[in-house]
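These are the residues of each chain, in order.
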Amino acid sequence: SWAMNLGCYDFYPSESGKGNVVSYLQHKFNVEPSECACLFDDDNDLPMAERCGWQLLPGLTSESVRCAAASHPEWYVASKAGQGPIAVEECLEQLLKKASSDICESC
């Protein structure tokens, strides 16, 4: 298999890759996709994102990621996308808000 990462090709065995790792960990620890979140920004992250219930993008580093985000309006794209730590902080704040609201709903 292969994927793009920061404009370069990544080649790896088809059994590996971020998406397969997430699936493995979900199965191993009996975690539902809806209980998982991921921060991502590049092509090689898309299979991982598809296996998580909540997706946060601190940056849109390629055309394919921009297209994927456009076709998934439920994905959170930082208003400061591409601004490094500032965008990551924004995404983490959104994640904390969601986690807090999920905890409050279960009380």
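Residues numbered from 1 in each chain as written. Predicted model: local features only at pLDDT ≥ 70, side-chain atom pairs only at ≥ 80, totals over all residues. Heavy atoms only, no water.

1. Observations concerning helix H3 (residues 63-71)
Buried within H3 are the following residues: Val65, Ala68 and Ala69. Projected onto a plane normal to the axis of H3, the buried residues spread over an arc of 100° and lie on a single side. Contact partners of the buried residues in H3: helix H2 (46-50), strand S4 (54-57) and strand S5 (76-77). (Buried < 20%, exposed > 50% of the residue type's maximum accessible area, 1.4 Å probe, protein only. Helix = DSSP H or I, 4+ residues; strand = E, 2+ residues; numbered from the N terminus. Arc of directions from axis to C-beta. Contact = heavy atoms within 4.5 Å.)

2. Overview of the side chain of Gln26
Looking at the element boundaries, Gln26 is found in helix H1 (residues 18-28). Residue class for Gln26 comes out buried when judged on its relative accessible area of 10%. Excluding residues that lie within four positions of it along the chain, Gln26 makes contacts with Val31, Pro33, Cys36 and Arg51.

3. Regarding the sheet that holds S5
Across the sheet, which stays open at both edges, the 3 strands sit in the order S3-S4-S5 with parallel pairing between neighbours. The sheet is open, and its two borders are formed by strand S3 (37-39) and S5, each paired with just one other strand. Two strands pair when backbone bridges link them, and S3 and S4 are joined in this way by 3 bridges, in the parallel orientation. Bridge pairing in S4 links Cys38 to Gln55. Contacts from helix H4 (residues 85-105) reach S3, S4 and S5, with the element oriented near 155° to S4. (Pairing = 2+ DSSP bridges. Axes fitted to C-alpha atoms, helices over the stretch in contact; angles between N-to-C directions.)

4. A word on a nonpolar patch on the surface
Where nonpolar side chains cluster on the molecular surface, the patch consists of Val21, Tyr24, Leu25 and Phe29 and spans about 420 Å² of accessible area. Looking at the secondary structure, you find Val21 in helix H1. (Patch = residues over 30% accessible without salt bridge, like charges linked within 9 Å, V, L, I, M, F, W, Y side chains within 5 Å. Areas by Shrake-Rupley, 256 points an atom, 1.4 Å probe, with all protein chains shown as cover. Salt bridge = Lys/Arg side-chain N within 4 Å of Asp/Glu carboxyl O.)

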